[in-house]
Amino acid sequence: MSVTPYITGLTNRGLFLVECTEPYAEKVIRDESTPNIRSLIYSSKGNYLAYRTDKKAEIIKCADWSVAATVNGNIKDMFFSPLDNYFAVWEMFMTTKDDPQGKPNLHIYKSANGEKVGSFVQKHQAGWEPQWSSDEKLFAIQIVGKVLLYEDGNFERYTQQIQAEKLKCFSMSPSTAPAYYLSIFTLGKAGQPSFWRVFKYPQFEISQAVLSRSSFQADKATFHWNRRGTNVFTMTQTDVDKTGGSYYGKQTLSYGDVRGSAGNVTFSKEGPIHAIAWNPGNWNEWVAVYGHAPAKATLFNAKCEPLFEFGTGAWNAVYFPPEGNIVILGGFGNIATGHIEVWDVRGYKKLGACSAPDTTTLQWDPRGETFITATTYPRLTVGNGYKLWHYTGALMHKRVCEEKEYLLSMTWQTGSFPKSDLAKTAPKGIEVASAKPVAAYRPPGARNKPSTFTLHEHEKPHRPGQNVNAAPSKQAIKQKEKREARKARKAEERATGDSSPVSPAIPATPRAPFVSTGDPEKDKKIKNVNKKLSNIEKLKQQKAAGKPLELNQLAKIDNEPALLQELAQLRL
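Residues numbered from 1 in each chain as written. Predicted model: local features only at pLDDT ≥ 70, side-chain atom pairs only at ≥ 80, totals over all residues. Heavy atoms only, no water.

Student: Would you mind showing me how to read the nonpolar core here?
Tutor: Inside soluble globular proteins, nonpolar side chains tend to come together where they are buried. Among the nonpolar cores identified, the biggest contains 16 residues, and V287, V289, F310, V318, F320, V327 and L329 are the most heavily contacted of them. Every element with two or more residues in this core is listed here: β24 (273–278), β25 (285–290), β26 (295–301), β27 (306–313) and β29 (326–330). Looking at this core, the element that brings in the most residues is β26, giving three residues. Excluding its chain neighbours within four sequence positions, the residues that come into contact with V327 are F310, V318, Y319, F320, E341, V342, W343 and V345. (Core = buried A, V, L, I, M, F, W, Y, C linked by side-chain atoms within 4.5 Å. Buried < 20%, exposed > 50% of the residue type's maximum accessible area, 1.4 Å probe, protein only. Helix = DSSP H or I, 4+ residues; strand = E, 2+ residues; numbered from the N terminus. Contact = heavy atoms within 4.5 Å.)

This is the structure in structure tokens:
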């Protein structure tokens with residue numbers, strides 16, 4: 001295996017590798033000049049690479065890039081088991097007059113030699129994927145409202161099953177022997193709630209559930225297990241939000257653990273939940289991006305207590321590298337800017353930022369030193385290509401596809417690789433012409449005027465307990481007024497010394513120095529009147545300079561004789 005991981009790309013012309021060192025040369029390892037190349041994947045441990053066309057799927061050994069096995073057929077989807085021992089593929093389910101029952105269309109092969117070891121009927125592509133435990137001792141597949149479980153690589157006969165009415169989906173935790181856990185989601189009948197439950201293998205009776213949560217507003221669910229398989233988040237969602245609060249339906253996030261604790265997660269900002277992700281390097285931490293634009297991002301612990309607030313930004317995605325020491329917050333899809341920020345989740349500081357518009361794929365390298373962004377076909381038909389970034393946001397390399405060349409997939413080689421100099425030293429980025437930023441919309445009445453408003457109120461990064469939006473203290477306000485007064489005086493001094501022709505200023509009316517009358521009440525009134533007269537002098541200066549004044553300001557100027565008379569009486 002190479003000392004540094006390869007970046008692997010698939011175009012309509014073939015399969016190629018990119019060396020992650022300058023000059024970033026591309027090496028073609030499969031020439032497949034056909035428009036029907038589909039996708040590529042690496043196995044979890046990095047031992048194999050597979051790609052598929054409309055006629056076959058090939059398993060390639062990463063040690064020497066030779067072909068380990070070829071699976072013929074119009075394969076629509078594929079993936080490897082957690083320890084790389086098995087390769088699962090799915091084809092369209094077909095029936096004919098001669099075969100009205102149809103043939104098995106989900107097949108399990110040995111990755112090393114392509115030997116078929118199991119076949120199943122899985123009519124629908126949505127949810128077709130079987131699941132293995134992380135040690136591959138258990139294999140589970142959902143078929144016709146049941147979850148069937150097989151043990152020790154024997155795919156001929158299942159040993160256990162989970163059966164529940166209206167079972168919609170399941171998820172196997174990444175825990176290992178002796179404790180295996182599975183979660184299921186069942187849809188409720190009319191007037192009855194939906195449920196998600198967690199079971200410990202092999203105790204699958206409803207009464208034996210480790211935990212059970214109900215919801216009257218749930219049509220589907222997605223499970224998110226932490227690395228140890230001890231904690232799980234369940235995102236339930238309705239197809240339609242009847243309150244009109246969300247175009248995508250109403251979302252609810254609940255949590256649970258294998259000890260039976262459970263509850264609902266509440267966030268500090270209203271709006272949709274855009275993304276959640278467990279830290280792969282720390283089973284006790286996770287990040288969520290949530291709320292109406294600009295979305296908010298927060299680092300939580302397993303008890304759903306906030307550890308750090310990243311503030312708000314143009315985000316809708318979270319990406320952790322395998323080590324989990326840093327994290328990317330990104331905005332893609334309907335966020336046109338492609339804004340990316342990289343944060344240190346141990347020191348709580350921002351390491352870098354960049355912009356990658358039209359990104360359809362983002363992936364960390366296995367070392368956590370660099371990441372790639374790519375624009376792929378058929379998601380986008382123009383501007384296909386990829387970019388290599390350092391974690392500080394420096395652009396290291398880019399490649400744009402040629403005419404009639406389409407980038408179909410882009411991914412990193414998986415596996416364990418030693419750290420390089422990039423882990424500590426940021427490279428000098430290449431120069432890229434940045435696109436002109438799109439200006440925020442401004443109402444017609446506010447155009448061609450100084451900006452006095454913001455489109456959204458943004459929240460700054462802070463630790464929990466810090467009120468970044470608290471009103472300033474009286475002392476802070478007083479200091480600010482003093483600073484502004486000093487700036488104003490300096491501006492007037494500069495204007496006075498300016499040689500350009502200006503309107504003659506009205507000479508200030510001389511004021512007698514303040515002398516105490518011996519009566520504290522009179523002295524107080526004299527000071528107030530002097531303050532009003534001083535403000536009138538400033539207004540007269542502004543009027544002489546051609547600045548339009550408000551009606552109340554003009555009224556103050558007209559009131560000057562009365563104030564002078566009042567001042568004279570007070571001094572008697």
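Student: Could you clarify how one ought to interpret the packing of aromatic side chains in this entry?
Tutor: Ring pairs (aromatic) are described by centroid distance and by the angle formed between their planes. Going through the model one piece at a time under the given rule, you end up with 31 aromatic pairs. Aromatic side chains F308 and W343 sit 5.8 Å apart centroid to centroid with 50° between the ring planes, which places their arrangement in the tilted category. Of this pair, F308 sits in strand β27 while W343 sits in strand β30 (residues 339–344); the two residues are 35 residues apart in sequence, bridging distant segments of the chain. Each member of the pair, F308 together with W343, is buried. Through a chain of ring-to-ring contacts, the aromatic side chains of F79, Y86, F120, W128, W132, F139, Y150, F155 and Y158 assemble into a single cluster. Across the ring face of F16, the terminal group of R399 is positioned such that the distance to the ring centre comes to 5.7 Å. (Phe/Tyr/Trp six-rings, centres within 6.5 Å; stacked < 30°, edge-to-face > 60°. Lys NZ or Arg CZ within 6 Å of the ring centre and 35° of its normal.)

Student: Is there a simple way to think about the sheet that holds strand β9 (residues 86–91) in this case?
Tutor: Strand-to-strand pairing in sheets goes through backbone hydrogen bonds, with the strands running parallel or antiparallel. Spatial strand order, β8-β9-β10-β11: four strands in an open sheet with antiparallel pairing. Among the strands making up the open sheet, the edge pair consists of β8 (75–80) and β11 (116–120). Averaged over all pairs of adjacent strands, the angle between strand axes in this sheet comes to 20°, irrespective of strand direction. Sheet topology note: the β9/strand β10 (residues 106–110) ladder contains five bridges and is antiparallel. Paired with W90 across the two strands is L106, which belongs to β10. (Pairing = 2+ DSSP bridges. Axes fitted to C-alpha atoms, helices over the stretch in contact; angles between N-to-C directions.)

Student: Would you mind going over the sheet that holds strand β33 (residues 370–375) with me for this structure?
Tutor: A sheet is described by the order of its strands in space; here four strands give the open sequence β32-β33-β34-β35, paired in antiparallel fashion. Strands with a single pairing partner mark the edges of an open sheet, and in this sheet they are β32 (361–364) and β35 (395–400). Neighbouring strand axes in the sheet, compared pairwise and without regard to direction, differ in orientation by 15° on average. With five bridges joining them, strand β34 (residues 385–390) and β35 adopt antiparallel strand pairing. From the neighbouring strand, Y386 faces β35, where its bridge partner is R399.

Student: Explain the confidence of the model for the chain here, please?
Tutor: Predicted coordinates in areas of low pLDDT are best not read in detail. A residue-level look at the chain finds 86% of positions with pLDDT of 70 or above and a mean pLDDT of 86. Between residues 433–438, whose pLDDT stays under 50, and residues either more than four places distant or in other chains, the model counts zero contacts. Confidence over residues 498–505 falls short of pLDDT 50; this stretch has four contacts with residues more than four positions distant or in other chains. (pLDDT = per-residue confidence, 0-100.)

Student: Could you clarify how one ought to interpret the pairing of strand β7 (residues 67–72) in this entry?
Tutor: Each regular strand displays side chains that alternate between the two surfaces of the sheet. In the sheet, strand β6 (residues 56–61) pairs with β7 via five bridges, with the strands oriented antiparallel. In the strand pairing of β7, E58 is matched with T70. Following β6, the chain reverses through five residues before pairing antiparallel with β7; W65 in that reversal takes a positive phi of roughly 60°.

Student: Where do I start with the side chain of R30 in this structure?
Tutor: Residue position: R30 is located in strand β3 (residues 26–31). Side chain to side chain, R30 and E58 meet in a polar contact 3.3 Å long. Residues contacting R30, with those up to four places away along its chain left out, are R13, G14, L15, Y51, E58, I60, W65, S66 and V67. (Polar contact = N/O pair within 3.5 Å; in protein donor to acceptor, adjacent residues only side chain to side chain.)

Student: What is the right way to read a positive patch on the surface from this model?
Tutor: A contiguous patch of positive charge on the surface is contributed by K478, K480, K482, R483, R486, K487, R489, K490 and K538. Broken down by element, the residue count for the positive patch peaks at eight residues, all from helix α1 (residues 474–496). When you line up the elements, R489 lands in helix α1. Taking the relative accessible area as the measure of exposure, R489 reaches 47% and is therefore partly exposed. (Patch = residues over 30% accessible without salt bridge, like charges linked within 9 Å, V, L, I, M, F, W, Y side chains within 5 Å. Areas by Shrake-Rupley, 256 points an atom, 1.4 Å probe, with all protein chains shown as cover. Salt bridge = Lys/Arg side-chain N within 4 Å of Asp/Glu carboxyl O. Lys, Arg positive; Asp, Glu negative; His and termini not counted. Charge placed at Lys NZ, Arg CZ, Asp CG, Glu CD.)

Student: What's the story with helix α2 (residues 520–544) in this structure? I'm lost.
Tutor: Residues separated by three or four positions in an α-helix point in the same direction, a consequence of the helix having 3.6 residues per turn. Look at α2: 36 Å from first C-alpha to last across 25 residues, which is about the 36 Å you get at 1.5 Å a residue. Taken as a whole, α2 has its buried residues at D523, I526, V529, L533, I536, E537, L539, K540 and A544. Contacts from the buried residues of α2 go to α3 (551–558) and α4 (560–570). Where α2 ends, the next residue or the one after it, G546, has phi of about 95°, a positive value. (Expected span 1.5 Å × (residues − 1).)

Student: What should I look at first to understand the packing of α2 against α4 in this one?
Tutor: Two measures define how a pair of helices packs: the angle their axes make with one another and the distance between the axes. It is at 10 Å that the axes of α2 and α4 come closest, and there the two elements cross at 155°. As judged from the angle between their axes, α2 and α4 are roughly antiparallel. Read as a crossing pair, α2 and α4 show a hand that is left-handed. Two secondary-structure elements touch here, α2 through K522, K525, I526, V529, N530, K532, L533, I536, E537 and K540 and α4 through E560, L563, L564, E566, L567 and L570. Tallied by class, the residues present in the contact of α2 with α4 amount to eight nonpolar, one polar and seven charged. (Parallel < 35°, antiparallel > 145°, perpendicular 65-115°, else oblique. Left-handed = near helix turned anticlockwise from the far one by under 90°. Nonpolar A, V, L, I, M, F, W, Y, C, P; charged D, E, K, R; others polar.)

Student: What am I meant to see in the pattern of salt bridges here?
Tutor: Oppositely charged side chains may form a pair once their charged atoms are brought near each other. Inspection of the entire model under this criterion finds 15 salt bridges. For R13, the salt bridge is made with E402, and the minimal N-O distance between the two is 3.2 Å. Here R13, found in the loop between β1 (7–11) and β2 (14–18), pairs with E402, found in the loop between β35 and β36 (407–412); they are 389 residues apart in sequence, far enough to count as distant. Residue E402 is classed as exposed on the basis of its relative accessible area of 51%. Between E369 and R367 there is a salt bridge, and its shortest N-O distance comes to 3.3 Å. Taken as a pair, E369 and R367 share a single burial class, namely buried.

Student: Please explain the environment of Q192 as it appears in this structure.
Tutor: Looking at where Q192 falls in the secondary structure, it is placed in the loop between β17 (181–186) and β18 (194–200). Given a relative accessible area of 47%, Q192 falls into the partly exposed group. A sequence separation of 22 residues divides Q192 from S214, and the C-alpha atoms of the two residues are 9.3 Å apart.

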